[in-house]
Amino acid sequence: MIKLTGVSKVYPRTGYALRNVNLHVPKGSFVFLTGHSGAGKSTILRLIQMAELPTEGELRVSGTSSARLRRSDVPKLRRKMGMAFQDFRLLKDRTAEENVAFALEVTGARRSLIRQRAARLLGKVGLAARGQAFPEELSGGEKQRVAIARALANEPFILLADEPTGNLDERASRGILDLFREINANGMTVVMATHDLELVRRHPSYRVVELSAGEVVFDSAGTVREEAG
Amino acid sequence: MLQALRGALAAFRRTPVLVVISILAVSLSLFVFGLFALTAFNIRGALSEIEERVEIVAYLSDDATAEEAGRAEVEIRDHTQVLDVRYVSKTEALAIAGRELPEFREVFSGLDANPLPASYEIRLRPGYRTPEVVEAVTAQVIAYPFVEEADYGRDWVARLVSLQRIAAGATVIIGGAFAAVAGIIIATAVRIAVAARREEIEIMRLVGATDGFIRRPFLIEGWLTGLIGGLIAAFLTYLAHRFVSATLMEINWLPAEWLMLAVLAGSAYGLLTSAFAVRRHLRGL
């Protein structure tokens, strides 16, 4: 599914963002990526999206290797991934439904199908009645739900979420996490980066991978990295 | 393609202010260029009208026989530089003088003999109306023994030529500068329009849009901006032409081919600058 083997990422100005990361995310799992800001959580997500390539090591996502990536592979790969972000990344000048439809338009789907499907997806995230609302008319939690509906539009095999509850109050956060659990229960892999340890603690059955200064320092699945000394 | 066109139209609908401003910027900058083209075209027209008046007049002595004169006329006409030769007989010369100089009419009519010589009026082909050619042809004509005198406005031709050179140089330099300014304004307008939708481009990439899919609506938008801006500029230039013709002086309108070429160039340029502007946002994976 997703496999990072000896992955390092070095930025020319800031140095190592990731250092020799080995991580395997099997199909259907739910993984929390935790750590302080700057620990490398977002970098891992960006690598999985193939928005950037590792400086060293290899990354495999659904059979696509970072070592043999062609530019034209990237859009195809991204259609198989759903992404949600702390800042939602919705287009302000479009309604909730149009925002969801947007992800379908880029695949060249038929217009008659797009509307139908967008409405159904909004129903799935509990926003059936809010399709015609613009982002500014929605609460934070609702915006994130729209973003998740968009992420699910192309029936991805994995959902990547970068601090999706970072801008939400506790109730809304819980709602989003419930939604993720439901999505995961239906067989989709979920990788969620968060620094909200409270939230992680509330779900002890899920795997937790902790990063610090670009290195994996804890993995509840067993491969704990031994600290030097 | 249909999808891309729809995308471009959606952009017009979503950001009308931005679209109107960029079309306005494009049309005004092209309008300035249009005004310049109109001026340059009319100056060129006026100069070539003057240029057509460049001619050599060769006066024949009275003892030239008709046969000699006829043969010389044929020979002169054979020169590659010569457009045409008109023979003006003594009688005709008198008639013309009578017509054109009414104050001398009585003087001329009172004469027993006709004092005016016969002449050739030699006109040169376009491109040969330079001081050098005029002088060379004059020298050949004056070589005939029965040609008493050959005349052309030496200073006048030289001045005309230098005037034409200045006009041509100014057209290239000022026209080039105007075109460059218009080009920069258009490119900036397009870049702003593209940058305003940077977020949209990012999200498109995020959800798996191909580069081509992202690029196409922008190309169409750039092309349409150039096309519409060009047409508006052509219309404004036409209004300016009508206004000047009605109030100041009669001027010629630009040839249709020029206009078509300008509008086509404008839209092609719009497309090209869009392609460049989008490319900046498609860097990286």
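Quick notes on the rules
Residues numbered from 1 in each chain as written. Chains lettered and ligands numbered in written order. Predicted model: local features only at pLDDT ≥ 70, side-chain atom pairs only at ≥ 80, totals over all residues. Heavy atoms only, no water. Helix = DSSP H or I, 4+ residues; strand = E, 2+ residues; numbered from the N terminus. Rg over C-alpha atoms; globule rule 2.2 N^0.38 Å. Buried < 20%, exposed > 50% of the residue type's maximum accessible area, 1.4 Å probe, protein only. Contact = heavy atoms within 4.5 Å. Axes fitted to C-alpha atoms, helices over the stretch in contact; angles between N-to-C directions. Parallel < 35°, antiparallel > 145°, perpendicular 65-115°, else oblique. Left-handed = near helix turned anticlockwise from the far one by under 90°. Nonpolar A, V, L, I, M, F, W, Y, C, P; charged D, E, K, R; others polar. Patch = residues over 30% accessible without salt bridge, like charges linked within 9 Å, V, L, I, M, F, W, Y side chains within 5 Å. Areas by Shrake-Rupley, 256 points an atom, 1.4 Å probe, with all protein chains shown as cover. Salt bridge = Lys/Arg side-chain N within 4 Å of Asp/Glu carboxyl O. Domains from an automatic or database assignment. Phe/Tyr/Trp six-rings, centres within 6.5 Å; stacked < 30°, edge-to-face > 60°. Lys NZ or Arg CZ within 6 Å of the ring centre and 35° of its normal. Lys, Arg positive; Asp, Glu negative; His and termini not counted. Charge placed at Lys NZ, Arg CZ, Asp CG, Glu CD. Buried area = accessible area lost by both parts, 1.4 Å probe. Polar contact = N/O pair within 3.5 Å; in protein donor to acceptor, adjacent residues only side chain to side chain. Pairing = 2+ DSSP bridges.

Draft legend 1. Local environment of the overall build of chain B. Summing up its helical and strand segments, chain B has 10 helices and four strands in all. When the helices and strands of chain B are placed in sequence order, the string is α-α-β-α-β-α-α-β-α-β-α-α-α-α. Relative to a compact globule of 285 residues, whose C-alpha radius of gyration would be 19 Å, chain B shows 31 Å and is clearly more extended. Counting only C-alpha atoms and orienting by the principal axes, one finds that chain B spans roughly 100 × 40 × 30 Å. Evaluated residue by residue, chain B yields a buried proportion of 39% over its 285 residues. The long-range share in chain B, meaning contacts at least 24 apart out of those at least 6 apart in sequence, stands at 82%.

Draft legend 2. Focus on unusual backbone geometry. All names here are of chain A. Positive phi, close to 50 degrees, is recorded for E155, a residue that is not glycine. Locating E155 in the fold gives a position in the loop between α5 (140–152) and β7 (158–162). One non-glycine residue, A213, adopts positive backbone phi at about 50 degrees. Mapped onto the elements, A213 comes out in the loop between β9 (207–212) and β10 (215–219).

Draft legend 3. Just the packing of helix α7 (residues 154–195) of chain B against helix α10 (residues 256–281) of chain B, in detail. Residues and elements named next belong to chain B. Running from amino to carboxyl end, α7 crosses α10 at an angle of 45 degrees, the nearest separation of the two axes being 9 Å. Taken together, the axes of α7 and α10 are oblique relative to one another. The interaxial crossing formed by α7 with α10 has right-handed handedness. Between α7 and α10, the residues in contact are G183, I184, I186, A187, V190, R191, V194 and A195 and Y269, T273, S274, A277, V278, R280 and H281, respectively. Residues belonging to the contact of α7 with α10 are distributed by class as follows: nine nonpolar, four polar and two charged.

Draft legend 4. Local environment of a nonpolar patch on the surface. All names here are of chain B. On the surface, a nonpolar cluster with roughly 290 Å² of combined accessible area is contributed by L2, L5 and L9. Checked against the element boundaries, L5 lands in helix α1 (residues 2–14). A relative accessible area of 36% places L5 in the partly exposed class.

Draft legend 5. Layout of the pattern of salt bridges. Here the structure, examined in full by the defined rule, presents 26 salt bridges over all chains. For D93(A), the salt bridge identified is with R94(A), shortest N-O distance 3.6 Å. For D93(A), a relative accessible area of 34% puts it in the partly exposed group. Judged by relative accessible area, which is 6%, R94(A) ranks as buried. Overlapping salt bridges bring together D93(A), R94(A), R197(B), E200(B) and E221(B) as one network.

Draft legend 6. Representation of the domain arrangement of chain B in the model. For chain B, the domain assignment lists domain 1 (2–49 + 161–281) and domain 2 (55–151). Taking only C-alpha atoms, the centre of domain 1 of chain B and the centre of domain 2 of chain B are 53 Å apart.

Draft legend 7. Spatial organisation of the packing of aromatic side chains. All names here are of chain A. In the structure shown here, the tally under the stated rule is eight aromatic pairs over all chains. Taken together, F30, F32 and Y206 form an aromatic cluster joined through their ring pairs. Stacked on the ring of Y16, the Lys or Arg R19 has its end atom at 4.0 Å from the ring centre. Sitting above the plane of the F85 ring, R89 keeps its charged end 3.9 Å from the centroid.

Draft legend 8. Just the packing of α5(A) against helix α6 (residues 170–185) of chain A, in detail. Residues and elements named next belong to chain A. The geometry of α5 relative to α6 is characterised by a closest axis approach of 9 Å and an angle of 20 degrees between their N-to-C directions. Classified by the interaxial angle, the pair formed by α5 and α6 is roughly parallel. The handedness of the crossing between α5 and α6 comes out as right-handed. In contact with G141, Q144, R145, I148 and L152 of α5, α6 contributes A172, G175, I176, L179, F180 and I183. A breakdown of the residues in the contact of α5 with α6 according to their chemical character gives seven nonpolar, three polar and one charged.

Draft legend 9. Examining a positive patch on the surface more closely. There is a patch of like positive charges on the surface, built from R191(B), R279(B), R280(B) and R283(B). Relative to the assigned elements, R280(B) resides in helix α10.

Draft legend 10. Structural detail: the interface of chain B and chain A. Facing the 18 residues of chain B at the interface are 26 residues of chain A. In terms of surface lost to chain A, no three residues of chain B exceed L206(B), V207(B) and L285(B), which account for 36% of the buried area on that side. At the surface where chain B touches chain A, the tally comes to three salt bridges. With a shortest N-O distance of 2.6 Å, R71(A) and D211(B) are connected by a salt bridge. Counting the contacts that link chain B with chain A gives six residue pairs in polar contact (both at pLDDT 80 or more). The greatest single-element share of the side of chain B that touches chain A, amounting to six residues, is contributed by helix α8 (residues 198–206) of chain B. Here the residues of the side of chain B that touches chain A are counted per class, giving eight nonpolar, four polar and six charged.

Draft legend 11. Geometry of the pairing of strand β1 (residues 2–11) of chain A. Residue and element names in this part refer to chain A. Taken together, the five bridges between β1 and strand β4 (residues 56–61) define a ladder with antiparallel strand orientation. Within β4, the position partnered with L4 by the bridge is L59. Note: β1 against strand β2 (residues 15–25), seven bridges, orientation antiparallel. Opposite Y11, over in β2, you have G15 as the bridge partner. Hairpin connection between β1 and β2: a loop of three residues separates the two successive antiparallel strands.

Draft legend 12. Representation of the environment of F85(A) within the structure. Residue and element names in this part refer to chain A. By the element assignment, F85 lies in strand β6 (residues 81–85). Classification of F85 by relative accessible area gives buried; the value is 7%. Separated by 62 residues in the primary sequence, F85 and A147 have C-alpha atoms spaced 8.0 Å apart.

Draft legend 13. Structural detail: the sheet that holds β2(A). In spatial order, the strands read β2-β1-β4-β5 (chain A); together these four strands make up an open sheet with antiparallel pairing. Looking at the sheet topology across the chains shown, the edges are occupied by β2 and β5 (64–65) of chain A.

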